[in-house]
Amino acid sequence: ELKRIVFVIQSQSNSFHSKRAEDLKRDILKQAVDLGKELPTVLLIHQIDRHEGAWTILPLMTDFSVTYGRNSSWIFFCEEDTRIQIVKLVETLRRFDKSKEWFLGKALYDEESTIIHHYAFAENPTVFKFPDFAAGWALSIPLVNKLAKKLKSEPLKSDFTIDLKHEIALYIWQKGEGPHLTPVPEFCTDDVNSYKVDHCATTFSNFLPLCGEPVNKEDVFVAVKTCRKFHGDRIPVVKQTWEREAALIEYYSDYADISIPTMDLGIPNTDRGHCGKTFAILERFLNHTSPRTPWLVVVDDDTLISIFRLRKLLSCYDPNEPVFLGERYGYGLGTGGYSYITGGGGMVFSRTAVQKLLASKCRCYSMDAPDDMVLGMCFSGLGIPITHSPLFHQARPMDYPKDYLSHQIPVSFHKHWNIDPVKVYFTWLAPNIEESHNGKKVGYNREDL
């Protein structure tokens, strides 16, 4: 029965995202009304966020068990851009015995072991399946109850959250003692207009959001962090690829090289985190660029980024809000902790966010502290939410399942390790492979990179 399904939308508090999540909630409830069914429960994660770790979902299992453990059969999770055919979803879930422990979803797997999954299953990574959140995924209540019980006796460890969908699947699997993900063909990520979706209970509509005209080139200031030892190999890649897309760009180094040109901010290079350098960049953006430039992007010298697509994406965000946007990671979220935007994929700040940060007293605890984590800590303390976009990537295209990337128009990738970065840029990110005809994705000629 529909009323025995609890829908959980993996929502965010930024105004653009919360509106999309509210729209999806309304659509689910409207379908229920049109069917003459009792209304199901629809929860938005950012509204039940009593602790920063709610987006990692596992800390909520105890609440779900207590609140819905008696009168519900399934918890169904989805993203704000997942589209759900309620009738087909109910039919699909009916195939599974709700009194058993089920973990259902569209299965992804790594073709080769990857750093973002800590090289899990290095012998044969294809054996381990994890859910594509965009297609929706479901847990039966007996499994939710079991997870809640385990969490009571063994609290979540205080470490990094890097790829949530993989980490949740590992936690549920419990080294082979828990259920594997059961692939469900009706959970789909095809576009809602695709001819393939007749059998689908879910579809996915978000390749690259566009909410009006892309923001102007002059609205985006790009700061590239580099150092003298990489001037000769990494900077030429930026110049061959995405530099021409940026109207406002500066290179910050430990050495002023007029041929690039780089600017020395007086911060010595550090081997590890670059907190001192990043805060100097934030100060410079606030005090030495036009106050009419609303957006700052901070990237590494080995970040590959499409400024062209970023300008489209930023059309959806209000620069008068404190926005801190990119690929979200978490640290210590089982025990309080905080989220942060991982630096390699690119960190995007609204000027408002930079103003609020620098007006606070939050600063680096050392010059070589990890800049992205310190920023996460600072924004968390200020109550400014981290806004996640899956279109930013801390790793290389080959580090992600092909099926996962197939429903994205990516904004960035990171690292030159064991790849031809120029080729990766022109295959995945260059604006001349224009991607949108009436909102539909056009196929790329992508090699296996």
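Basis of the calculations
- Once a new chain begins, its residue numbering starts again from 1 and follows that chain's sequence as written.
- Residues qualify for local features only when their pLDDT is at least 70, as the model is predicted, and side-chain atom pairs are given and counted only at 80 or more; totals for whole chains, interfaces and linings, by contrast, use all residues.
- Calculated side-chain values reflect all of the structure's heavy atoms, with hydrogen atoms and water omitted.
- Numbering of helices and strands runs from the N terminus, with a helix taken as a DSSP run of H or I at least four residues long and a strand as a DSSP run of E at least two residues long.
- All radius of gyration figures rest on C-alpha atoms, and the globule criterion is 2.2 Å times the number of residues raised to 0.38.
- For accessible areas, the Shrake-Rupley method is used with a probe of radius 1.4 Å. Any residue's cover is judged against the shown protein chains and nothing else.
- None of His or the chain ends enter the tally, which takes Lys and Arg as positive and Asp and Glu as negative.
- Taken as the charge location is NZ of Lys, CZ of Arg, CG of Asp or CD of Glu.
- Domain ranges listed in this record stem from an automatic or a database domain assignment.
- Residue contacts are defined here by distance: any two heavy atoms, one from each residue, within 4.5 Å place the two residues in contact.
- Accessible surface is computed with a 1.4 Å probe, and the buried area is the amount of it that two parts give up when combined, taken over both parts together.
- Any carboxyl oxygen of Asp or Glu that lies within 4 Å of a side-chain nitrogen of Lys or Arg is treated as forming a salt bridge with it.
- For every residue, the accessible area (1.4 Å probe, protein chains only) is compared with the maximum for its type, and the residue is labelled buried under 20%, exposed over 50%, or partly exposed between those bounds.
- Note on scores: pLDDT gives the predictor's confidence for each residue, bounded by 0 and 100.
- Only strands that DSSP links by at least two bridges are regarded as paired with each other.
- Between the N-to-C directions of two axes lies an angle of 0 to 180 degrees, each axis being a line fitted to C-alpha atoms and, for a helix, fitted only over the stretch in contact.

### Section: the overall build of the protein chain
Now for step 1: Counting secondary structure elements, the protein chain contains 12 helices and 24 strands.
Now for step 2: Against the compact-globule benchmark of 22 Å for 449 residues, the protein chain has a radius of gyration of 22 Å, which places it among compact chains.
Now for step 3: Taking the principal axes of the C-alpha coordinates as reference, the protein chain spans close to 70 × 45 × 45 Å.
Now for step 4: Summed over all atoms, the accessible surface of the protein chain reaches about 19,300 Å², with 51% contributed by carbon and sulfur.
Now for step 5: The positive charge centre, built from 52 side chains, and the negative charge centre, built from 57, are 4 Å apart in the protein chain.

### Re the domain arrangement of the protein chain
Now for step 1: The domain boundaries assigned to the protein chain delineate domain 1 (2–204) and domain 2 (217–435).
Now for step 2: On a C-alpha basis, the centres of domain 1 and domain 2 stand 30 Å from each other.
Now for step 3: Taken together, the 31 residues of domain 1 in the interface contact 32 residues of domain 2.
Now for step 4: Buried surface at the junction of domain 1 and domain 2, both sides included, amounts to about 2,700 Å², of which 53% is carbon and sulfur.

### Examining the pattern of salt bridges
Now for step 1: Here the structure, examined in full by the defined rule, presents 24 salt bridges.
Now for step 2: Asp81 is the partner of Arg20 in a salt bridge, and the nearest nitrogen-oxygen pair spans 2.7 Å. In this pair, Arg20 is assigned in helix α1 (residues 15–34) and Asp81 in the loop between β3 (74–78) and β4 (82–84), connecting sequence segments 61 residues apart.
Now for step 3: What makes Arg20 partly exposed here is its relative accessible area of 21%.
Now for step 4: Lys165 is paired through a salt bridge with Asp163; the nearest N and O atoms lie 2.8 Å apart. We note that Lys165, like Asp163, is buried.
Now for step 5: Through salt bridges with shared partners, one network takes in Glu1, Lys3 and Glu38.

### Here's the deal with the confidence of the model for the protein chain
Any region with low pLDDT has predicted coordinates that should not be read closely.
Now for step 1: For the protein chain, the average pLDDT comes to 93, and 95% of its residues sit at 70 or higher.
Now for step 2: Within the model, the stretch residues 433–445 combines pLDDT values under 50 with 26 contacts to residues more than four positions away or in other chains.

### Considerations on the sheet that holds strand β13 (residues 248–253)
Now for step 1: Pairing in this open sheet of 7 strands is mixed, and the strands run β14-β13-β12-β15-β20-β17-β21 from one edge to the other. Every interior strand has two partners, whereas the edge strands, β14 (262–264) and β21 (386–388), have only one. When the angles between neighbouring strand axes are averaged without regard to direction, this sheet yields 30 degrees.
Now for step 2: The pairing of strand β17 (residues 324–326) with strand β20 (residues 347–350) spans 2 bridges and is antiparallel. From the neighbouring strand, Phe324 faces β20, where its bridge partner is Phe349.
Now for step 3: Against the sheet, helix α9 (residues 351–359) engages β15 (295–300) and β20, with an angle of about 85 degrees to β20.

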